[in-house]
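# A look at the structure
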Amino acid sequence: MLSPNSTFYPRPLGVTPAASLPQSPSAPLETSRQLVASDERDAPYFRSLEEVGIRLNGPQISAVRHGKGPLLTLAGAGCGKTTVLAARAGYLMEVSGAHAGSILLVTFTNKAATEMKDRIASLPGIRPAAARAVQARTFHSFALTLLRHYGVQEEIFGESRAQHTVLKMLLRQNGMSEAFQPESLLAMLSAWKMQGSETCDLPEKSQEERDAKRVLLGYEAWKRDRNKMDFDDILLRAAALLRDPAVLGPLQQRFQYIMVDEFQDTNSLQYEIVQKLAAAHRNLMVVGDDDQTIYTFNGARQESILEFDKVYPGARIVTLDINYRSDARILGLGSELVARNKRRRDKRLRAAGHRGDAPRFATPSNAEEEAAWVVNQLCQQVEEGLHTYRDIAILHRTASSSRAIFEQLVLKNVPFVQHGASPVFYDQSLIRPLMDHMRLSLNPRAVDALPSALGPLYVSRDAGLEWIQRSEEQQAKKYPLIHLAKWDKLKPFQQEQVKERIKLIKSLTKLKPVIAIQEMRRQFYDKYMESGDPNIFTHYKETMLETLDEFEAAAKKFETVEEFIQFADELSRRHREMESLRRSQDSDAVQLMTIHRAKGLEFPCVYWIGASEGIVPHSTALRQDIPEDQKAALTVQQTDAELDMALEEERRLAYVAITRAKQYLYVTSPASHHGKPADVSRFLLEAFGMEVPDKRKKREDGPTGNHASYGSGSSNWKGNGNTNGKANGNESRNGNAAYARSGSRPQGRDAVSPVQRGADQRSAIRQSDQRDFEVLDERDEDRLSERRGSGVIRNHTAFSTTGISQTASSSSSSGLHSSGAERTETVAIWKCSSSTCKAWLRQKPDGASAKSSKKATSGPPPCPLCSGTMEASTRKVPVTGRFGR
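What counts and how
Residues numbered from 1 in each chain as written. Predicted model: local features only at pLDDT ≥ 70, side-chain atom pairs only at ≥ 80, totals over all residues. Heavy atoms only, no water. Pairing = 2+ DSSP bridges. Helix = DSSP H or I, 4+ residues; strand = E, 2+ residues; numbered from the N terminus. Axes fitted to C-alpha atoms, helices over the stretch in contact; angles between N-to-C directions. Contact = heavy atoms within 4.5 Å. Phe/Tyr/Trp six-rings, centres within 6.5 Å; stacked < 30°, edge-to-face > 60°. Buried < 20%, exposed > 50% of the residue type's maximum accessible area, 1.4 Å probe, protein only. Core = buried A, V, L, I, M, F, W, Y, C linked by side-chain atoms within 4.5 Å. pLDDT = per-residue confidence, 0-100. Salt bridge = Lys/Arg side-chain N within 4 Å of Asp/Glu carboxyl O. Parallel < 35°, antiparallel > 145°, perpendicular 65-115°, else oblique. Left-handed = near helix turned anticlockwise from the far one by under 90°. Nonpolar A, V, L, I, M, F, W, Y, C, P; charged D, E, K, R; others polar.

It is worth spelling out the sheet that holds strand β14 (residues 590–594) at this point. With parallel pairing, six strands are arranged side by side in an open sheet as β11-β16-β15-β12-β14-β13. Each edge of the open sheet carries a strand with a single partner, namely β11 (360–362) and β13 (416–418). If you compare each strand with its neighbour and ignore which way they point, the axes differ by 20° on average. Two elements, strand β15 (residues 603–608) and strand β16 (residues 661–668), share five bridges in a ladder whose sense is parallel. The partner of V606 across the bridge, within β16, is L665. Sheet strands in contact with helix α16 (residues 328–338) are β11 and β16, and its direction is about 55° off that of β16.

With that settled, the discussion passes to the packing of aromatic side chains. Scanning the entire structure with this criterion turns up 26 aromatic pairs. With centroids separated by 5.5 Å and ring planes inclined at 90°, the aromatic side chains of Y426 and F564 adopt a geometry described as edge-to-face. On the criterion of sequence distance, the pair formed by Y426 in the loop between β13 and α19 (432–442) and F564 in helix α25 (residues 561–578) is long-range, its members being 138 residues apart. Using a relative accessible area of 0% as the deciding quantity, one classes F564 as buried.

The next thing to look at is the nonpolar core. Residues I120 and W608 are the most contacted members of the largest nonpolar core, which totals 83 residues. If one sorts the elements of this core by residue count, helix α4 (residues 81–94) sits on top with eight residues. Filtering out sequence-adjacent residues up to four positions away, W608 remains in contact with L395, I595, V616, A654, A657, I658, Y666, V667, T668 and L684. Core analysis: the second largest hydrophobic core is formed by 56 residues, V375, L409, M438 and I609 among them.

Averaged over all residues, the pLDDT of the chain is 78; the fraction at 70 or higher stands at 75%. Within the chain, helix α32 (residues 771–789) has the poorest average pLDDT of any element, 30, and strand β6 (residues 257–260) the best, 97. Counting contacts from residues 532–538, a segment whose pLDDT is below 50, to residues more than four positions away or on other chains yields 22 contacts. Across residues 626–636 the pLDDT falls below 50, and counting only partners more than four positions away or on other chains, this stretch makes 30 contacts in the model.

Moving on, we get to the pattern of salt bridges. Enumeration over the complete set of coordinates arrives at 53 salt bridges. Between E154 and R237 there is a salt bridge, and its shortest N-O distance comes to 3.0 Å. Placement of the pair is E154 in the loop between α7 (139–149) and β4 (155–156) and R237 in helix α11 (residues 231–241), with a sequence separation of 83 residues. The residue R344 makes a salt bridge to D346 at a minimum N-O spacing of 3.9 Å.

Time to look at the pairing of β14. Taken across its five residues, β14 has five buried, putting it largely inside the fold. Where β13 and β14 come together, three bridges link them in parallel fashion. Along β14, the bridge assignment pairs F416 with V590.

We now examine the packing of α4 against helix α5 (residues 110–121). Relative orientation of the contacting elements α4 and α5 amounts to 50°, with a least axis distance of 9 Å. As the angle between them shows, α4 and α5 are arranged oblique. As α4 packs across α5, the resulting crossing turns out to be right-handed. Across from T82, T83, L85, A86, A89 and M93 in α4, the residues of α5 making contact are E115, M116, R119 and I120. Taken together, the residues that form the contact of α4 with α5 break down as six nonpolar, two polar and two charged.

With that settled, consider the sheet that holds strand β3 (residues 135–138). In sheet architecture, strand pairing relies on hydrogen bonds along the backbone and comes in two forms, parallel and antiparallel. Spatially, six strands are ordered β3-β2-β6-β7-β1-β8 in an open sheet, and the strand pairing comes out parallel. Single-partner strands in this sheet number two, and they are β3 and β8 (316–320). Taking the axes of each pair of neighbouring strands and ignoring which way they run, one obtains an average angle of 15° across the sheet. As defined by bridge partners, strand β2 (residues 103–107) adjoins β6 across four bridges and the pair is classed as parallel. When the sheet's bridge partners are listed, L105 is paired in β6 with M259. On the sheet, α5 packs against β2 and β3 and is oriented at approximately 165° with respect to β3. Sitting on the sheet, α7 is in contact with β2, β3 and β6, with an inclination near 105° to β3.

So, about the environment of A18. Along the chain, A18 turns up in the segment before α1 (32–35). Judged by its relative accessible area of 29%, A18 falls in the partly exposed class. Separated by 670 residues in sequence, A18 and F688 place their C-alpha atoms 10.0 Å apart.

Once that is clear, we can look at unusual backbone geometry. Glycine aside, the phi torsion of most residues is negative, and most peptide linkages are trans. The amide bond that connects V616 to the next residue, P617, takes the cis arrangement and shows omega of 5°. Following the sequence through the fold, P617 ends up in the loop between β15 and α27 (628–631). One non-glycine residue, N227, adopts positive backbone phi at about 60°. As for its placement among the helices and strands, N227 is situated in the loop between α10 (207–225) and β5 (228–229). Here E262, not a glycine, exhibits a phi torsion of approximately 50°, which is positive. Position of E262 relative to the elements: it lies in the loop between β6 and α13 (268–278). When its relative accessible area of 16% is taken as the criterion, E262 is described as buried.

So this is what it looks like as structure tokens:
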């Protein structure tokens, strides 16, 4: 049963009450009205901007005034970079006398390019003809225009579904239908091309690489024969064209001023195009934020910003550091969080946005409770008139992590738009075969479910269905799949597999849905999905396994297969009814999207869900937390440097999520993820000044005393400027993140891998003389104790400890009690005397230092929640070994 009421707190679980919420300093109020004197040459331009409400601040003025030479403009989140780019284009035309046609402004999306054109056209004094002459384009638009000018007439082949269809056809023709996933092949090809490489140069060291290359060369031939090119071809061919001096020279002469927006997102090929165009005059202005580099999987290179002044010696650097979007406390949280990255340009944003509310944090027990809390609260906010639905965005890390929130929104009839919407979770191509096997268990003659059953049997879908249909016309069967057992195109072992699969399908109705899924995965599905070279398709496999684990988590709440199928079908039906919202830009609807897709957007109220270890940061970036002897089991080995870079990108992703919020930010950190304990994201704890130890260094140095899990709320804490909290002793974070799986599953579903065993280990806390940490420990338990007592929370890190068995113990002499699978002990506590406040704190143990004991005799502390008086009492609590027991 889910907890009916959500509780949001001013600090994440595990943060001491003494830790202050980070807050950005206020920005100066001066604008161009005060900063640009009336007798300056360009004063008329700035006065005209002020008349239409554009009042630039100091850094913005500096960027707008820049004339010739390279300029790196570091534009923090919400700092008005679009205004600066448009205003500089106007400045070049109105003040510097540049011809409008000599200005090239390059960005990444059609929407951004259109907005830039509109902004320039709305500037005072800019004639419509001049605004049209400015070339504000996307990289692809510029490249395509160049190709068309030089006679390239191929049609654009850019629809992903059509691309997948062609690749599936080629895979069938090469006898590799089950070897590769089309999306994985396309991703690999795109990454290769964006490095400036041709398909013919793909590696072919292994058999898998040779097979993949053969298919992709066939894909290129298919396009060539039909006079088509895809989006990657456009950039690749334009870059090749620019290597011809006869083509490049006139372009360099025409475009005397080049500006690039979202520079941190450029890949190698795009940067090469920009560099060639600017090589003759070096009049290149790039605008971007290295702290928002979150597209490295698409080839984005943070080095473009970090090394800009090395590529262009003498380049000016201007930092736009005044944020007009977010409340100072929201901005402070994001700034403090991302400041922990080492590979970044140093900058601290100042706040000039409207005041809202301080960020709030919650720790629901799992994704289901998280979704219920979030949807209940946002509905209440709308009912009370605090927000409209369109004011609210829900941001998540991966597509699969939105499943629970998606279901809550649909079932509660909350209008929402899912950006980049894929099908309902249960209709995804990865999940559909398992759902259809369960549908066949309920109705063996379900025609729509038959095609999905053929792939995992390694049977051609079209040919297999044709055989079944012909056989059915001759003699109908209760289980039409049985006709495949007599198909002469199948080998004897395949025919036998068909019979075994039908036996399994028959048995599924007798199982709980989650057991049915686990059994299908164990018997055939994981093996079927894991084909292909692991070194090429690791990213897809990790996403696949994460989605399948989420599928299991979703099925746990259902008792029968029939109930589960009915729920999924109802969800699909109701979602189709709501799809019309997507077609209306002005719909009053909640915005549901990944953090990646939210980049560049802003919302009055943001819910960031899944702020837990294994989600953000993602498990793929946490492999450094795995003991060295267990890393060998991973599919792909990564160096510590690569893992550090991956972790820093995850931190940037968290920064992007936080800085989408204008006035209200709610962050939820589920205490479990796919059935495994999950700590609050280290990024949140670090932002509040808590140190998260480097586990690799701990392993190299060896153990030094007793180490504590930071997830239990006992991390080493450093104050945020105006606080003086300190802690003694070294702490070590437990490795309970959701690790990437290594390709093969345990033979039994209850089998526990060495990695999983290591992930469940906990270590005891060293005693501390600081009362702050006692408040931290017990306050965190208080947040969870009520839900834990009702059986909602299981094995949260604050309650699990290495070396303490989950079975009964004979430790009665120390006050220990056994209650089922969980051991408890009776401890002395301070409890709040108020009947409406449930706060309680553990009193000092006998082993405390003399200094601490002296403190304890001075009387009870004030209540950390309501500041009321506290009184002595006792309480049974789960055994944690926190004080060395």
